Amino acid sequence: MPSLGPIRSILLDIEGTTTPIAFVYEVLFPYAKMYVADFLWQHAASDEVCADIAGLWQQHTDDVKNGLTPPPLSASPPEARLSSLVSYVHWLIDHDRKSTALKSLQGKIWQEGYRTGHLRSQVFPDVPMAFEQWQRQKIEICIFSSGSVLAQQLLFAHTTDGDLTRFIHAYFDTTIGSKRDPESYRRIATTLGHAAEQMLFISDVTEELDAAQSAGMATRLAVRPGNHPQPASPHVAIHTFEALMAER
C-alpha cells in the first residue's frame, strides 16, 4: 500500500465512510419524512425555514424545467401550500436528491430529534480511535458531506460513542460545490490553507474520489458493510480506518 506521505488534513465523507448507510436510510430519512409536516407548521414563519422553503420552490421549478415530474406545488391556501410542499419533500427524499435546500431543512428537523433524544447517531467502531490518533498526530480532521453542516455537526455530537465534534476541525457541504466536481476540493484546500497534495479524501463513491484526485488530493476508497459496490478504480481500498492508521 502506498505511503500517505506528508498528509496534514484528512477529509472524510460520512455516509458509508464514518457512518453506516443503513443509519441514514433507515433512521434519518424516515425521521425527516415523518416529522416534516409538523416541523413546517411550527416553524414556517422563521427566516431560516423561509429560506429553505424558497430554495425548495426554486428546486421544484428547476426539476420541472429539466423534464422531471415532481408532485405539483400549490401557492394557496396555506394548508394546500404546506401539504404540497410536504409531498415534494417526500419525493426528494425518496429519490435521494442532494438538494441544498432539502438538506438544510432536514438538518433542522434532525436537530429537534437529537434535542428530544429521539435520535442517536452511529459511527463505525474504528472511528473514535482513529479520530483520537489523528488528533495526537496533529492531522486535521474535516468533513465533506452532501448533508448540511448543521446535520454533520449534530451527527458527530450525538453518537452512541459520545460527542466526537471535539476532534473535527472543519465541515463542508454542497454550498462549496458538488462532491463530484474537482473545483470543490480545490476550494476546500484553499479554505483550509493547504496544498491539495497535503490532503487525503476518503469516500465510498469512486466518482467523488476521482474528483478529489483530479484536484491533487490523495484518496482511499471506504469499503464498509452495506456499502454499494463500486466500479474498478485506481483508488486504494480500505475496510477500516485501522489500515490507514497503520500507514502513519
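What comes next concerns the included structure.

Each value, and the rule that gives it
Throughout this description, residue numbers start from 1 for each chain and increase along the sequence as written. Reporting in this predicted model follows two pLDDT cut-offs: at least 70 for local features of residues, and 80 or more for side-chain atom pairs to be given and counted; totals over whole chains, interfaces and linings ignore these cut-offs and use all residues. Side-chain numbers here rest on the full set of heavy atoms in the structure, without hydrogens or water. Salt bridge criterion: a side-chain nitrogen from Lys or Arg within 4 Å of a carboxyl oxygen from Asp or Glu. Numbered from the N terminus, helices here are DSSP runs of H or I no shorter than four residues, and strands are runs of E no shorter than two. With a 1.4 Å probe rolled over the protein chains alone, any residue whose accessible area is under 20% of its type maximum counts as buried; one over 50% counts as exposed, and the rest are partly exposed. Any pair of Phe, Tyr and Trp rings, taking the six-membered ring for Trp, is counted once the centres come within 6.5 Å. Such a pair is stacked with planes under 30 degrees apart, edge-to-face with planes over 60 apart, and tilted for the rest. We count a charge as sitting over a ring when the NZ of a lysine or the CZ of an arginine lies within 6 Å of the ring centre and within 35 degrees of the ring normal.

1. Regarding the pattern of salt bridges
1) Next: Tallying each qualifying case throughout the model produces 10 salt bridges.
2) Next: Taking the shortest distance from any N to any O, the salt bridge between Lys98 and Asp96 comes out at 3.3 Å.
3) Next: Of the charged contacts in the structure, one is a salt bridge between Arg115 and Glu112, with a shortest N-O distance of 3.0 Å. Of this pair, Arg115 and Glu112 both sit in helix α4 (residues 100-116), separated by 3 residues, roughly a single helical turn.
4) Next: When its relative accessible area of 27% is taken as the criterion, Glu112 is described as partly exposed.
5) Next: Residues participating in the shared-partner salt-bridge network are Asp13, Lys179 and Glu208.

2. As for the packing of aromatic side chains
1) Next: Evaluated as defined, the whole model comprises 9 aromatic pairs.
2) Next: Judged by centre distance (4.5 Å) and plane angle (40 degrees), the rings of Tyr31 and Tyr35 are tilted. In this pair, Tyr31 and Tyr35 are both assigned in helix α1 (residues 21-43), 4 residues apart and thus about one turn of the helix distant.
3) Next: Accessibility expressed as a relative area gives 12% for Tyr31, which makes it buried.
4) Next: Ring centres 5.3 Å apart and planes at 50 degrees place the aromatic pair Trp134 and Phe241 in the tilted group. One end of the pair, Trp134, is in helix α5 (residues 127-136); the other, Phe241, is in helix α9 (residues 241-245), with 107 residues separating them in the sequence. In terms of burial, Trp134 and Phe241 fall into one category: buried.
5) Next: Among the aromatic residues, those joined into a ring-pair cluster are Phe131, Trp134, Phe156, Phe167 and Phe241.
6) Next: We note Lys179 situated over the ring of Phe144; from NZ or CZ to the ring centre the distance is 5.8 Å.
7) Next: A cation over an aromatic ring shows up here: Arg224 above the ring of Phe241, its NZ or CZ 4.7 Å from the ring centre.

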